[in-house]
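Okay, here's what each chain looks like letter by letter:
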Amino acid sequence: MSSLDNNHVAARIRADLDAIVIENPRASAAHGVFDYLIEHSERYSTGGKRCVLMTGPTQSGKSTIIESYAARLNTPDLREKRQIPVLHVVLEANISRKGLAQNILEALEELGIQAGTSSGSETILLRRVRAYLKAAGVKLLVLDEFQHVVHSDNDRVANSVGETIKRMLIKGVCPIVMCGIRGAERPFKTNSQLAQRAEPAIALSPIEACDPADAEFYMEFLASYLLQVEDVAGIENATSLLNDTTPSMIVEVANGVLGAACNLIKGAVTLAVRDGRYHITGDDLALATDRYFIADGLCFRNPFRDGFDAVRPNQH
Amino acid sequence: MPRPSQVVRLADDERDEIKPLLIGVVPHADESLMSLVSAACVANEHERTAQILAFAGVDTLRPAFAPFTRTSDANAIATVLSASANDVVVRMHPKAHCLSAGDSVAWYGASLPRSFLVAEQRRVSPAALRASPHHRASWMVRPLTYCPETFELLISSCPYCSAKLGWLKSIGVWRCETCTRSLRHHRPGKITWSLRQDAASVAALVSVNAKHRAQALARMPGPFNQWAPGDVFFAAVEIGSLTSAKQPPGTLNAEVNHGDFSNFGAEDLVRGFRALCEWPLSLKSYVEDNRPASKADLHHVKEVMGPLAKFFSPYAKPTPLGDLIQSAVPPLLHELEIPVAHRRYSKAEAAERSTTMTTREAQRHFNLDGRSLSRIGGIDGILVSQRQVRAGAKLFKFEPLKNAVYILRGSISEEALAAQLAIPPLALPALARAGLLDAVEHKAALLLGGGGRRYVTASADRLLSALDNVPVLTSAPGPSLAAALAGKFNGEAWARALGDVLAGKLKVVGKRDIKRGFARRVVIEPKLARAMVETLSSACSTEWEFQTVTSGTASLLLGIHERDVADAIEAQLVEAYYEGRGYSIELGELVQFSRSFMAAWEVARRLNITSQSARSYLQAAGIEPDVSLSKIHLWRREEVELALSVRATSTPEFRQNGSS
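Student: Tell me about the overall build of chain B, and please be specific about residues and values.
Tutor: Within chain B one finds 32 helices and 17 strands. Of all 660 residues assigned to chain B, the portion counted as buried reaches 50%. When the accessible surface of chain B is split by element, carbon and sulfur atoms take 50% of a total near 30,600 Å².

Student: So, the overall build of chain A: which residues are in play, and what are the values?
Tutor: Counting its secondary structure elements, chain A contains 15 helices and 5 strands. Per-residue burial for chain A yields a buried fraction of 50% across its 316 residues. Taking contacts inside chain A between residues at least 6 apart in sequence as the whole, the part at least 24 apart equals 71%. When the accessible surface of chain A is split by element, carbon and sulfur atoms take 49% of a total near 14,500 Å².

Student: How would you sum up the sheet that holds strand β15 (residues 597-599) of chain B? Please name residues and give values.
Tutor: Residue and element names in this part refer to chain B. Taken in spatial order, the 3 strands line up as β15-β17-β16 in an open sheet, and their pairing is antiparallel. Of all strands in the sheet, those bounded by a partner on one side alone are β15 and β16 (627-628). The strands that helix α29 (residues 587-596) touches are β15 and β17 (633-636); relative to β15, the one it contacts most, it runs at about 70 degrees. Lying on the sheet, helix α32 (residues 637-644) is in contact with β15 and β17; it crosses β17 at an angle near 70 degrees.

Student: Any chance you could break down unusual backbone geometry for me, citing the residues and the numbers?
Tutor: Residue and element names in this part refer to chain B. For the bond from G222 to P223, the omega torsion is 0 degrees, close enough to zero to count as cis. Within the secondary structure, P223 sits in the loop between α9 (210-218) and α10 (229-242). In this structure, S162 takes a positive phi of about 65 degrees despite not being glycine. Counting through the fold element by element, S162 comes out in the loop between α7 (126-131) and α8 (193-204). The backbone of T180 shows a phi angle near 65 degrees, a positive value even though the residue is not glycine. Structurally, T180 is set in the loop between α7 and α8.

Student: An account of the interface of chain B and chain A is needed here, citing residue identities and associated values.
Tutor: Of the residues lining the interface, 13 residues belong to chain B; the matching set on chain A comes to 15 residues. Here chain B packs against chain A, burying approximately 1,300 Å² in sum over the two surfaces, 58% of which is carbon and sulfur. When the area that chain B buries against chain A is broken down by residue, the three leading residues are B:K19, B:L22 and B:E45, summing to 52%. Summed over the shared surface of chain B and chain A, the number is 1 salt bridge. Joining chain B to chain A, the criterion identifies 11 residue pairs in polar contact (both at pLDDT 80 or more).

Student: Explain the pattern of salt bridges to me, and be specific about the residues and the numbers.
Tutor: Residues and elements named next belong to chain A. Within the structure shown, the criterion is met by 28 salt bridges over all chains. The salt bridge partner of E39 is R43, with a shortest N-O separation of 2.9 Å. Highlighted residues: E39 and R43, both in helix α2 (residues 25-43), separated by 4 residues, approximately one helical turn. The exposure class assigned to R43 is exposed, which follows from its relative accessible area of 69%.

Student: Describe helix α5 (residues 97-110) of chain A, and please don't skip the residues or the numbers.
Tutor: Residue pairs three or four apart in sequence face the same way in an α-helix, which turns once every 3.6 residues. Residue and element names in this part refer to chain A. Between its first and last C-alpha, α5 extends 20 Å over 14 residues, near the 20 Å set by a 1.5 Å rise per residue. Looking at α5, one finds that the buried residues are G99, L100, A101, N103, I104, L105, A107, L108 and E109. G112, located one to two residues past α5, shows a positive phi value of around 85 degrees.

Student: I'd like to hear about the confidence of the model for chain B, residue by residue, with values.
Tutor: Low pLDDT marks regions whose predicted coordinates should not be analysed in detail. All names here are of chain B. Per-residue confidence for chain B averages 80 on the pLDDT scale, and 86% of its residues sit at or above 70. Helix α1 (residues 4-16) is the least confidently modelled element of chain B, averaging 39 in pLDDT, while α7 averages 93, the highest of any element. Here residues 386-392 is a poorly scored stretch, pLDDT under 50, and it has 14 contacts once near neighbours within four places are set aside; other chains count. The low-confidence segment residues 646-660 (pLDDT under 50) makes 29 contacts with residues lying over four places distant or belonging to another chain. Here the predicted complex scores 0.62 on pTM and 0.77 on ipTM.

Student: For a nonpolar patch on the surface, give the residues involved together with the corresponding values.
Tutor: Residues and elements named next belong to chain B. Residues L607, I609 and Y617 make up a contiguous nonpolar surface patch of about 220 Å² in total accessible area. Turning to its location among the elements, I609 is positioned in the loop between α30 (600-607) and α31 (611-620). When its relative accessible area of 33% is taken as the criterion, I609 is described as partly exposed.

Student: Now, about the packing of aromatic side chains: what can you tell me, with residues and values included?
Tutor: In the structure shown here, the tally under the stated rule is 12 aromatic pairs over all chains. Here the aromatic rings of A:F34 and A:Y69 are separated by 5.1 Å at their centres, their planes lie at 70 degrees, and the arrangement is edge-to-face. Here A:F34 is found in helix α2, whereas its partner A:Y69 is found in helix α3 (residues 62-73), with 35 residues between them in sequence. With a relative accessible area of 0%, A:F34 lands in the buried category. Since its relative accessible area comes to 1%, A:Y69 is described here as buried. Summarising the aromatic geometry, the rings of B:Y578 and B:Y583 are spaced 5.3 Å apart at their centres and angled 75 degrees between planes, so their arrangement reads as edge-to-face. Here the aromatic cluster, defined as three or more aromatic residues joined through ring pairs, consists of B:F116, B:F233, B:F234, B:F261 and B:F264. The lysine or arginine in question, B:R181, covers the ring of B:Y160, its NZ or CZ lying 3.9 Å from the ring centre.

Procedures and definitions
Residues numbered from 1 in each chain as written. Chains lettered and ligands numbered in written order. Predicted model: local features only at pLDDT ≥ 70, side-chain atom pairs only at ≥ 80, totals over all residues. Heavy atoms only, no water. Helix = DSSP H or I, 4+ residues; strand = E, 2+ residues; numbered from the N terminus. Buried < 20%, exposed > 50% of the residue type's maximum accessible area, 1.4 Å probe, protein only. Areas by Shrake-Rupley, 256 points an atom, 1.4 Å probe, with all protein chains shown as cover. Contact = heavy atoms within 4.5 Å. Pairing = 2+ DSSP bridges. Axes fitted to C-alpha atoms, helices over the stretch in contact; angles between N-to-C directions. Buried area = accessible area lost by both parts, 1.4 Å probe. Salt bridge = Lys/Arg side-chain N within 4 Å of Asp/Glu carboxyl O. Polar contact = N/O pair within 3.5 Å; in protein donor to acceptor, adjacent residues only side chain to side chain. Expected span 1.5 Å × (residues − 1). pLDDT = per-residue confidence, 0-100. Patch = residues over 30% accessible without salt bridge, like charges linked within 9 Å, V, L, I, M, F, W, Y side chains within 5 Å. Phe/Tyr/Trp six-rings, centres within 6.5 Å; stacked < 30°, edge-to-face > 60°. Lys NZ or Arg CZ within 6 Å of the ring centre and 35° of its normal.

Okay, structure coming up:
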């Protein structure tokens, strides 16, 4: 098989690996909160809605949790009826009130609806957002990358966006989930009204290797994931990564972030497949660490080459 | 170069880019397309209807015209509105064919003149909006100044801020886009109760529902129930505007034809509709009401038809209504005996005439020439118009004319009958008085026949047959009846002689084998002939009317050859006038000639000798002929009388104007 063919196969396998979603206690807990918000909204349909903030570092699984929840509720038959129970909106940087409305409408347009994102004033757009959320039967609005609200050009803009979200909650359109990295919680701290409408935040913190509970959760997650890798990518020895100190090395490279750990494995699988192999070696993991972590400054040491380091508290 | 399949795929891709609005619209059956767009605009929180159309790829600054001009984008618009393509297509108004107007558009499966539909203006009925806040398509129809549903007068401007209602911005068709106040609370008033039933019926002709249109059409009288509903509606608008009381007449129609319906009201439309319902009586009453007061023989079509005369203009566009009026008016005018000078007036077929007909039709129908018809122009009871301006402008009553022609065809002219009898025509009235002939008294028939006396053909045939059947008792020589009666200038004498022949008093002793008339053909017994002449001379003294005779008649009366008559005229012995076909000689001239000259045959008859002997006798008496004509010599009567010692009392009886 030529290298060109290997690349094609590697790309396909990588795409299949990206689609793997592992049911895990953190995701279940988050889904539980979402269910609670929706249930509350339906029970208290005429009143204000509640919200929740979900924070976590990059690749901590926030988007995966949301997408898996959306996939569960946004069934094809509802989509056909142009009903969107979970609307996942990814906010742009330097978001303004109008930008917020446009982002929501864009999310609708991505679902094949003519929302007229550029048509109308800010007021009109926000009014359209409310109308559309109601018409589309949106039960849960997810505002991803919520830190962009905080990182707006100025505080006035950030506050106005926060106020807008609060108003949307008060107006009782639908409950809102706000996702973001560190700093996304700032509007909640400064706006008590918003905080009072919020459920306790869902924090997707990194795995603490020294924490037995985290370690157990991590091993269960990694085992499930590697089994999926074997099934999906056809890697013969994926579960062999559960042996010895490899899981610890993976955690070290990923800084305890589950998504990063998965990405490391995906990188190693990609390298192996490109090489025409369906089994992973330590060199694959080492090379993946170099290329995807050390080169990007996400990690400063390659344990697969330099050896396992002593257990130490997580940098986070 | 892309393959066709690739082009098709590209087009499909482009169509896929058109996304539906999240909140679609459910159209009402009677809702206009712009109302759908406006509803979508409101539901989806858009300010401008143009934006909704832009989503469908219809980039326009005047969205109200999109239903008229962007029909090719119907599918795209339907996609955006989440409506079915048919719902949108049926609400669009592409160019269509309408008999009544050149510039026509489709109207929910029918067609209407484009000028009948308002595009940019939003006309609403507040009462209807209270019932359902959507714009009814029927409100687009300009001639409908009321809502067919509520009979409320439509408003096109905000009653609060006076701003024009349009389609550019939309915050709901029930609200003024300028002041945002609701229009639903306004009460602009309704049309009167007396108009409502017909107002609903005429509005049904332009209903968006094809079944309602068909039902409305079925209720119309012929020929309208065979027309397209749009044409009938157009006709109602035309008639309504043309018969408006607005001065000067026809002004409203001119405004309407220019798309200005500001002065066109429900009463105008209903009036036009009622005129159609009562057709053709309505047209008749219109014409009667407009009957010109003047007694002119010929009226201009404008004078009679008023504004409806527009349909007779050579520049008038052919429309079903125009064709109907052009065909219905001429017979109607004939029936009402209103002469109109117009080219089209005489174009209607004779079959459509009821009581009158034009000159041209009469010529064709009765095979008459124009001159004959022109002679009866002055007779009351036949001719409606006496002045002939153009062909077809004269009106004749059909029945009297037919009767006159019938009588004419059953009659024989005086000259023809006189020729068959070989008697002077001036004797025929006496025959009629004697009951031997039936004279035609019908003035029109006489004029159609040329103006001369005429006799019923049946009676003439009867007389001729009877004369032909007179038995010939013996075959003996003698003068012909005509010769025996020569010099008798009294018609009664000729009539009585014929009567005597028929009665057997005058014996026929022979018949000559000639075809020059009865009197020349039969030979009578000479003695009876002389007796007859004497009897007739004393008995028949009826005055001759002053008249002229032809040279043929003169020949008969004088008992000389027609060529001799011509010679006498040429020799100026007899004064005559040449009138084209022959000489016209006054009877007095003949009498004078007869008094002055005597032919040999007359001497011979006096002396009962032959003409040759008579000439010898006169020659022996020393009397020379005074005049010699082609075949005969004429002697001075005075000289001959003197020679014969005959008193001059035997001169022909003749009195003209008291002279004898």
